Number of protein chains: 2
Amino acid sequence: MFSINLKGKNKYYNLYLNLRGEILSGRLKTGEKLPSKRSLAADLGVSVVTVELAYEQLLVEGYIRSKQRSGYFVEDLIEGGSVGREPPQTPEISTAKKYRCDLVKGNIPPHMFPFNTWARLMRLVLSDCGEHLLERVPCSGDSELKRSVSDYLYRSRGMDADPRHIVIGAGAEHLYGVIVQLLGRDKVFAVENPGYVKISSTYALNGAKFVPVSVGAQGIDVAELSRSGAAVAHVSPSHQFPTGAIMPAAERLKLIAWADAVDGYVIEDDYDSEFRLFGKPLQSMHGLRPDRVIYINTFSKSLAPSMRLGYMVLPPALYEKYLKIFSSSANLVPLFEQKTLAKMLDGGYFERHISRLKNYYRGIRVKLLAALSGKCEVTDTGGGLHIIAKFPNALSDDEIKEKAERAGVNIKCLSDYLLSPLEGVEKRAVINYCGLTEEILN
Amino acid sequence: MFSINLKGKNKYYNLYLNLRGEILSGRLKTGEKLPSKRSLAADLGVSVVTVELAYEQLLVEGYIRSKQRSGYFVEDLIEGGSVGREPPQTPEISTAKKYRCDLVKGNIPPHMFPFNTWARLMRLVLSDCGEHLLERVPCSGDSELKRSVSDYLYRSRGMDADPRHIVIGAGAEHLYGVIVQLLGRDKVFAVENPGYVKISSTYALNGAKFVPVSVGAQGIDVAELSRSGAAVAHVSPSHQFPTGAIMPAAERLKLIAWADAVDGYVIEDDYDSEFRLFGKPLQSMHGLRPDRVIYINTFSKSLAPSMRLGYMVLPPALYEKYLKIFSSSANLVPLFEQKTLAKMLDGGYFERHISRLKNYYRGIRVKLLAALSGKCEVTDTGGGLHIIAKFPNALSDDEIKEKAERAGVNIKCLSDYLLSPLEGVEKRAVINYCGLTEEILN
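Source: prediction; values computed, not measured. (Residues numbered from 1 in each chain as written. Chains lettered and ligands numbered in written order. Predicted model: local features only at pLDDT ≥ 70, side-chain atom pairs only at ≥ 80, totals over all residues. Heavy atoms only, no water.)

Engineer: Please set out the relation of the copies chain B and chain A residue by residue, giving values where relevant.
Structural biologist: Between the two copies, chain B and chain A, the superposition gives an RMSD of 0.1 Å; the rotation angle is 180 degrees and the shift along the axis is 0.1 Å. On this basis, the relationship between the two copies can be described by a two-fold rotation axis. (Least-squares fit on C-alpha atoms with pLDDT ≥ 70 in both.)

Okay, structure coming up:
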């Protein structure tokens, strides 16, 4: 009747696939009667059970129907032709260019990560928590980690953050999306210009409107912000990326006065406050007005990029709203990582790691400044891991990047971080020395 | 001059906090000169360095300014009063009611999770991969896990999914959001009615428009879908939640013809196909037309709710678009969990786990059906872990739920899953026996 190619271990499944192919291709036509189980089994040299299982599968999927005491018939399917089309081939993803020295990426060198400590704590969590690790994590994160983060914020930033109002997320980007869902897409989000492009692109991806607002030597221009129609301002007041501007207290108070006036919020993105190489980290804006400031930070930068671990501190009223929206949602960070990080924070390992990193970067910074000396004018506000180098004699930003490229150096200019045109940003390279190693500088 | 309360280990920081408080409260006024470092140090009985550090911190934060050779002065801040307000207190989160028996939640009993295997594989990953675990994971996930998932789909579902087109995400909900970002918020998403409410609420949260389309005995009503204006249909054709409907082949082909006609997509949500208790899982729609079907599934259901691990198989053209949008984004699932799951799949542990679970649930099902026998009419299509029990003599859905509540049983009715009114759903309880244990049934 029709030829069937039966090979492999799972005979019934292959038979099913073959019969399905015959039906879909139209070789077995609508209404046509299938051979009896017994005769097909004999024809193919398989057991009756094999045929039975295959028919059962076709039946339950609706390819055939059974008529009592008369056998199995092909179902009335849509006219063929539209199925079985070959999908077009996708080329392999091209790998990114490898640079000798990358001054764009913001990841710490892998050898600086305290891997042995982390692995030891992971093993500890496995034996300590056991099957508790399988439990569903509340939407805002594990309460133990929330308390650890609150304690850490108090120790390191002098912040008084109620553990209950902390939300653990899978990195800062993920939390930007949560903020959009929380505040609503009708709000306009002001972002810094120049700024970290990922912020505005994440807002766009989440369907929120954003407006670029100029950044000067004192951070975001609050007067321009007031005219922008925004209700939320996403800023990095302690060390703006990429300009490095530090927002002075007067400007911070103006920003909060603005939030009061529009009944809006300030998102304080504290992405690199741990890396203030001299003195204590600057006081957070959250400390000034916890009811107007959403404080957000990430461990992905200080630990490892593969660890998506961020957190935010919400104003109490906003946390209430958060619970209403997300209470039935799962937290996206595995409990395992949350428990490990809690142990890392509580045991002081994280702060030891940061202090080791800071020592390391102080050394890198000295060598970097020495290497740049006389070649450019460096603006360095002492925070974070990037500086601005002005090359007054360069012809253009493109020339700076081309020269770097020829030397195997990946670099971006201030103008690459512009969201809308701005004066006085030319001939300035943004040097992110996060990933620099001593070997490269020697 | 002014009283300062200096206690605790970190004197400079406390001094800074005190001075900042004086400035913000207005006790130290704009333009007022601060005492010289030396005199303040003598007054307070601290070292000059302590005062220096505190002044430095106030300076860099813009609370004071320095005039050459004349000392430090309080900066011109905004008029006080708006700072230091006490945030309102949030009450503790109320804990959810505990039931003797929960027939709503879809989590497997914790004792069924192969914790020892999982812990052993985690330790193996730690020692095998070492510091490679810190590397950034490409947006679509670890390529080893993508290959493992592809192999698993071939073995268990007969699916031919190119590993390259697989996207690993932090659970199904997270991937629904990615799909919205991928297809755009201008598209209308059709969702099943009745249906899993989390799906429509996640679309809403992500700013996408959705329209409920009726589900009958043969799954989603394709004629109604055609009139709905939707361009994407989110369906669970192998075992609809909550009706249990299985979409027959003819309806599946109609659905694909619809997607062709509107140049849209079918999202095949295969959330519980592993738990088809009799026979092989039904053939996926993806197998029919990989260019029109987005296949999505989760491991959170079959492993543990704390593990946010889902995946989707994208049509090749859509995967190209995905790469364009997300190539610079990080994958949200820690590499550690991805590598562990890959080992679990490749070693056959996952399939052994599923087969053990299925045996377990077959036993549960028999006892459950016996317990229900004579009390209601059960609709059971043999798939998944929930059945529909019709109580023709019940007065109303509320009565069914109240009776259950009094017996310590959490239950929902079919009508609880309605997104818009539908005929013929009354007096039907949805019994999810995923979390049932033998002890409860005995």
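Engineer: Describe the sheet that holds strand E13 (residues 386–390) of chain A, and please don't skip the residues or the numbers.
Structural biologist: Residue and element names in this part refer to chain A. Reading across from one edge, E12-E13-E16-E15 is the order of the four strands in this open sheet, with antiparallel pairing throughout. Single-partner strands in this sheet number two, and they are strand E12 (377–379) and strand E15 (412–413). Along the sheet, helix H12 (residues 349–372) makes contact with E12, E13 and strand E16 (428–432), crossing E13 at roughly 5 degrees. (Pairing = 2+ DSSP bridges. Helix = DSSP H or I, 4+ residues; strand = E, 2+ residues; numbered from the N terminus. Contact = heavy atoms within 4.5 Å. Axes fitted to C-alpha atoms, helices over the stretch in contact; angles between N-to-C directions.)

Engineer: So what about the pattern of salt bridges? Which residues, and what values?
Structural biologist: Residue and element names in this part refer to chain A. Considering all chains together, one arrives at 31 salt bridges over all chains under this definition. In this structure, the salt-bridge partner of Lys339 is Glu144, at a minimum N-O distance of 2.8 Å. Taken together, the positions of Lys339 in helix H11 (residues 335–346) and Glu144 in helix H5 (residues 143–157) put the pair 195 residues apart, joining distant regions of the chain. Look at Glu144 and you get partly exposed, because its relative accessible area is 23%. Here the salt bridges do not stand alone but share partners, grouping Asp260, Asp263, Arg289, Asp291 and Arg292 into one network. (Salt bridge = Lys/Arg side-chain N within 4 Å of Asp/Glu carboxyl O. Buried < 20%, exposed > 50% of the residue type's maximum accessible area, 1.4 Å probe, protein only.)

Engineer: Which residues make up the pairing of strand E10 (residues 293–298) of chain A, and what values go with them?
Structural biologist: It is a general feature of regular strands that their side chains alternate between the two faces of the sheet. Residues and elements named next belong to chain A. With six of six residues buried, E10 lies mostly within the body of the structure. Burial along E10 is two-sided: the residues Val293, Tyr295 and Asn297 and Ile294, Ile296 and Thr298 are all buried. In this structure, strand E9 (residues 265–269) lies alongside E10, joined through four bridges in parallel fashion. Opposite Val266, over in E10, you have Val293 as the bridge partner. The pairing of E10 with strand E11 (residues 310–313) spans four bridges and is antiparallel. Within E11, the residue paired with Thr298 across the bridge is Gly310.

Engineer: Please give an account of the confidence of the model for chain A that cites residues and values.
Structural biologist: This prediction gives chain A a mean pLDDT of 88; 93% of its residues lie at or above 70. Overall fold confidence for the complex sits at a pTM of 0.81, while the interface term, ipTM, reaches 0.78. (pLDDT = per-residue confidence, 0-100.)

Engineer: Can you tell me about helix H13 (residues 397–406) of chain A, naming the residues and giving the values?
Structural biologist: Residue and element names in this part refer to chain A. Along H13, the residues classified as buried are Asp397, Ile400 and Ala404. Across the axial projection of H13, the buried residues extend over an arc of 65 degrees, all falling on one side. Its buried side turned inward, H13 meets strand E14 (409–410), E15 and E16. The backbone nitrogen of Asp398 has a side-chain oxygen 3.4 Å away, supplied by the residue at the start of H13, namely Ser396. Immediately downstream of H13, the backbone of Gly408 shows phi near 80 degrees, a positive value. (Arc of directions from axis to C-beta. Polar contact = N/O pair within 3.5 Å; in protein donor to acceptor, adjacent residues only side chain to side chain.)

Engineer: Would you mind going over the packing of aromatic side chains in detail, with residue names and values included?
Structural biologist: Inspection of the entire model under this criterion finds 35 aromatic pairs over all chains. Ring centres of Phe336(A) and Phe336(B) lie 5.4 Å apart, and the angle between their planes is 10 degrees; on these two criteria the pair is classed as stacked. Of this pair, Phe336(A) sits in helix H11 while Phe336(B) sits in helix H11 (residues 335–346), on two different chains. Among the residues examined, Phe336(A) registers a relative accessible area of 4% and is labelled buried. In textbook terms, an aromatic cluster arises when at least three aromatic residues are bridged by ring pairs, as seen for Tyr152(A), Tyr295(A), Phe299(A), Tyr311(A) and Phe350(A). Over the ring of Phe73(A) we find Lys67(A); its NZ or CZ atom is 4.5 Å from the centre of that ring. (Phe/Tyr/Trp six-rings, centres within 6.5 Å; stacked < 30°, edge-to-face > 60°. Lys NZ or Arg CZ within 6 Å of the ring centre and 35° of its normal.)

Engineer: Now, about the nonpolar core: what can you tell me, with residues and values included?
Structural biologist: Counting 132 residues, the largest nonpolar core has Tyr361(A) and Tyr361(B) as its most contacted members. Aside from chain neighbours lying at most four places away, what touches Tyr361(B) is Ile108(B), Pro109(B), Phe275(B), Leu277(B), Leu385(B), Tyr433(B) and Cys434(B). Among the nonpolar cores identified, the runner-up in size contains 43 residues, and Val188(A), Val222(A), Leu58(B) and Ile64(B) belong to it. (Core = buried A, V, L, I, M, F, W, Y, C linked by side-chain atoms within 4.5 Å.)

Engineer: Give a description of a nonpolar patch on the surface that names residues and reports values.
Structural biologist: All names here are of chain A. Together, Val197, Phe210 and Leu419 make up a nonpolar patch on the protein surface, roughly 200 Å² of accessible area in all. Locating Phe210 in the fold gives a position in strand E6 (residues 209–216). Relative accessible area serves as the criterion here: at 32%, Phe210 is assigned to the partly exposed category. (Patch = residues over 30% accessible without salt bridge, like charges linked within 9 Å, V, L, I, M, F, W, Y side chains within 5 Å. Areas by Shrake-Rupley, 256 points an atom, 1.4 Å probe, with all protein chains shown as cover.)

Engineer: Go over the interface of chain B and chain A, please, and point to the residues and values.
Structural biologist: Each partner contributes to the interface: chain B provides 93 residues, whereas chain A provides 93 residues. Taking both partners together, chain B and chain A bury about 8000 Å²; carbon and sulfur atoms supply 60% of that area. Taken together, chain B and chain A are joined by 16 residue pairs in polar contact (both at pLDDT 80 or more). Every element with two or more residues in the side of chain B that touches chain A is listed here: helix H1 (11–25), helix H3 (48–60), helix H4 (115–129), helix H6 (172–183), helix H7 (197–205), helix H9 (249–262), helix H10 (316–326) and H11 of chain B. Considered class by class, the residues forming the side of chain B that touches chain A number 50 nonpolar, 20 polar and 23 charged. (Buried area = accessible area lost by both parts, 1.4 Å probe. Nonpolar A, V, L, I, M, F, W, Y, C, P; charged D, E, K, R; others polar.)

Engineer: Just give me the short version of empty space enclosed by the protein, but keep the residues and values in it.
Structural biologist: Evaluated as defined, the whole model comprises seven cavities of 30 Å³ or more. Space inside the largest cavity adds up to approximately 80 Å³. Every residue along the wall of the largest cavity is listed here: Phe115(A), Trp118(A), Met122(A), Ser306(A), Met307(A), Glu337(A), Leu133(B), Leu134(B), Pro334(B), Leu335(B) and Phe336(B). When residues of the lining of the largest cavity are traced back to their parent elements, those giving at least two are helix H4 (115–129) of chain A together with H11 of chain B. Ranked by residue count, the leading element in the lining of the largest cavity is H4(A), at three residues. (1 Å grid on protein atoms, 1.4 Å probe; cavity = no way out; pocket = protein on both sides within 12 Å on 5 of 7 lines; lining within 4 Å. Points joined across faces, edges and corners; volume = space filled by probe spheres on them.)

Engineer: Break down the sheet that holds strand E7 (residues 219–220) of chain A for me, with residues and values.
Structural biologist: All names here are of chain A. Strand order across the open sheet formed by eight strands is E4-E11-E10-E9-E8-E5-E6-E7, with mixed pairing between neighbours. Looking at the sheet topology across the chains shown, the edges are occupied by strand E4 (166–169) and E7. Note that strand E5 (residues 188–193) and strand E8 (residues 232–235) share three bridges and pair parallel. Bridged to Phe189 within E8 is Val232. Here H5 sits on the sheet and contacts E4, E10 and E11; the angle it forms with E4, its principal contact strand, is near 110 degrees. Contacts from helix H6 (residues 172–183) reach E4, E5, E8, E9, E10 and E11 within the one sheet, and its direction differs from that of E10 by about 155 degrees.

Engineer: Now, about the packing of H6(A) against helix H10 (residues 316–326) of chain A: what can you tell me, with residues and values included?
Structural biologist: Residues and elements named next belong to chain A. The contact between H6 and H10 brings their axes to 10 Å, and the two run at 95 degrees. In terms of orientation, H6 lies roughly perpendicular with respect to H10. Along its contact with H6, which presents Val178, Gln181, Leu182 and Leu183, the element H10 presents Leu318, Lys321, Tyr322, Ile325 and Phe326. Of the residues that constitute the contact of H6 with H10, the class distribution is seven nonpolar, one polar and one charged. (Parallel < 35°, antiparallel > 145°, perpendicular 65-115°, else oblique.)

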